[in-house]
Amino acid sequence: MSRKQLMLAALAGGALMLSACGGGDEAGDKDTIVVAVAGPMTGENAIYGKNQLAGVQFAAKQINDGGGVESGPLKGAKIEVKSFDDVADPNQGASVAQKICDDDDIMAVFGHSNSSVTLAAMPIYERCGIPLFVSYSSNPEITAELHENLFRTLIDDASMGAEMAYQAGREIGAEKVGLIASDDDYGTGLVESFEETAPDAGLEVVDSIATTTGQKDFTPQLTTLRNQGVDTIVLLNTYTDAALQIKQADALGWDDVKILVTAGSNTPELVKIAGKDAVEGVLVNAVFDPNSSSEGVKSFVDAYSADNGEAPGEANAVAYDSFFVFLDGLENGGEDRESLISQVADTESFELPIRGTFRFDENQGAAVDPDSPATALLEIQDGAFASFTP
């Protein structure tokens, strides 16, 4: 039985009376494998770091509860998870990366959430030769060239922006769209790929407006797009800005204008901030669709919800899956930083609990299948994220 089959069987059977991470051994003991999760654990972006941490912790608990690593030179070892707060700041991210590198007990790191932080931390991880598993930073520059120690399991902004354009034109039925984007790596990358794909998707991009960091009043930008006759507004930013923009658009009485948001807004926090009434009918690009009928998704959602008392979000799911790339490397020969990098890099494909078969491209980013979209379209209905039905 494969690792994926074993995991699904455990999830479906309710074998989730999980022990605490680490199994009681001290960090650095031969029976303990220490991994780090780096991301914003405080501040307005904390939901991303905390959710990724929870996803990795949940996976580690399942492995520990099942007796530890199943095979390989570290068979039987338990997983201990340490967290590091980068507060979504590149300078702090670099400092965190150095701390992780200097801790010889840490075999691998999962993170960071923000692309700008990942880009700042990457060279440090590369110099110390620690495996870096990136599941939520999507800027194309991260895998523009090969970094032997870096493995990204999320599609990049070029693919994500293109898929959002196709969703807007072919699924939502938009014709004249206006873009509002954050003035950072995330927003800039999405704008570029969206605009490049728009003509092929049958869209006219009427205007693209960048907002500034810390901005709270978006009424002028919204009004500008409204006056230009757009039928759909695409918000290319994270949930904190998107929630305020949705709330302010609702206050303007925009019942006839559709709103599409990024995967970065695929979180219940969007509903909490904007308000249930304001987000009704908002469309969401999603890397993870909790409503999927696939066995992997259903099993994960049920098990995670039972153990945590709440349904998983997107960052939980993508971090959880990325853990099993790391685990595959351990079970097939990895026993330290160097051998783990080599083992993961040499593996042709992985069977992940949620996504199923997964492959890296030549630069160790997520391979894209042109015949199979990597994202889904959700619609917020009565405060919940439901699958979109045209």
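Residues numbered from 1 in each chain as written. Predicted model: local features only at pLDDT ≥ 70, side-chain atom pairs only at ≥ 80, totals over all residues. Heavy atoms only, no water.

### Description of the sheet that holds strand β4 (residues 132-134)
Reading across from one edge, β2-β1-β3-β4-β5 is the order of the five strands in this open sheet, with parallel pairing throughout. Two strands in the sheet have a free side with no partner beyond their single neighbour: β2 (78-85) and β5 (150-152). Looking at each pair of strands side by side, their axes are set apart by 25 degrees on average, direction ignored. Relative to β4, strand β3 (residues 106-111) runs parallel, the two being bridged by two bridges. Pairing of V109 across the sheet is with L132, part of β4. Helix-sheet contacts for helix α2 (residues 46-65) involve β1 (32-39), β2 and β3, and the interaxial angle to β2 is about 170 degrees. (Pairing = 2+ DSSP bridges. Helix = DSSP H or I, 4+ residues; strand = E, 2+ residues; numbered from the N terminus. Axes fitted to C-alpha atoms, helices over the stretch in contact; angles between N-to-C directions. Contact = heavy atoms within 4.5 Å.)

### Section: the nonpolar core
Core analysis: the biggest nonpolar cluster contains 70 residues, and I33, I79, F194, L203, F323, F326 and L330 have the highest contact counts within it. Ranked by the residues each element gives to this core, the list is headed by helix α12 (residues 314-331), at nine residues. With residues up to four places along the chain from it excluded, the contact list for I33 reads V69, L74, A77, K78, I79, E80, M107, F326 and L330. I47, L235, Y239 and V318 belong to the second largest nonpolar core, which has 33 residues in total. (Core = buried A, V, L, I, M, F, W, Y, C linked by side-chain atoms within 4.5 Å. Buried < 20%, exposed > 50% of the residue type's maximum accessible area, 1.4 Å probe, protein only.)

### Considerations on the sheet that holds strand β8 (residues 232-236)
Strand order in this open sheet of seven strands is β7-β6-β8-β9-β10-β13-β14, and the pairing throughout is mixed. With one partner strand each, in any of the chains shown, β7 (204-211) and β14 (384-387) form the two edges of the open sheet. Taken pair by pair, the neighbouring strands of this sheet meet at an average axis angle of 25 degrees, ignoring direction. Sheet analysis places strand β13 (residues 376-381) next to β14, joined by four bridges and oriented antiparallel. Its bridge partner lying in β14, Q381 is registered against A384. Strands β6 (176-182), β7 and β8 of the sheet are contacted by helix α6 (residues 185-197), whose axis makes an angle of about 160 degrees with β6.

### Observations concerning the layout of surface pockets
In this model, the largest pocket occupies a volume close to 720 Å³. Considering the residues around the largest pocket, the lining is formed by 28 residues, among which R355, T357, S372, P373 and A374 are closest to the centre. Broken down by secondary-structure element, the contributors of at least two residues to the lining of the largest pocket are α12 and β12 (356-358). For the lining of the largest pocket, the element with the highest residue contribution is α12, accounting for three residues. Approximately 590 Å³ is the volume found for the second largest pocket. Taken together, 32 residues line the second largest pocket, and the ones lying closest to its centre are N45, N114, D184, Y186 and T238. Of all the secondary structure elements, the ones that give two or more residues to the lining of the second largest pocket are α4 (115-128), α6 and α8 (239-251). When the residues that make up the lining of the second largest pocket are grouped by side-chain class, the tally is eight nonpolar, 17 polar and seven charged. (1 Å grid on protein atoms, 1.4 Å probe; cavity = no way out; pocket = protein on both sides within 12 Å on 5 of 7 lines; lining within 4 Å. Points joined across faces, edges and corners; volume = space filled by probe spheres on them. Nonpolar A, V, L, I, M, F, W, Y, C, P; charged D, E, K, R; others polar.)

### What about the state of the cysteines?
All chains considered together, the criterion is met by one disulfide. What pairs with C101 in a disulfide is C128, and their sulfur atoms sit 2.1 Å apart. The disulfide joining C101 to C128 has a torsion of about -60 degrees about its S-S bond and is therefore left-handed. Of this pair, C101 sits in helix α3 (residues 90-102) while C128 sits in helix α4, and the two are 27 residues apart along the sequence. (Disulfide = S-S within 2.5 Å.)

### Here's the deal with helix α11 (residues 295-308)
Side chains that are three or four residues apart share a direction in an α-helix, a result of its 3.6 residues per turn. Here α11 is 14 residues long and its end C-alpha atoms lie 20 Å apart, about the 20 Å a rise of 1.5 Å per residue gives. Following α11 by one or two positions, G309 has its phi on the positive side, about 75 degrees. (Expected span 1.5 Å × (residues − 1).)

### What to know about the pattern of salt bridges
Once the charged atoms of two side chains with opposite charge are near each other, the side chains can pair. Under the definition given, this model contains six salt bridges. With its nearest N and O atoms 3.2 Å apart, the salt bridge here joins K272 to E269. Pair noted here: K272 and E269 are both in helix α9 (residues 268-274), with a separation of three residues, about one helical turn. For K272, a relative accessible area of 62% corresponds to the exposed category. The class of E269 is partly exposed, set by a relative accessible area of 22%. Taking the shortest distance from any N to any O, the salt bridge between K276 and D382 comes out at 2.9 Å. Taken together, the residues span a long stretch of sequence, with K276 in helix α10 (residues 276-279) and D382 in the loop between β13 and β14 at a distance of 106 residues. By relative accessible area, K276 is classed as partly exposed at 43%. (Salt bridge = Lys/Arg side-chain N within 4 Å of Asp/Glu carboxyl O.)

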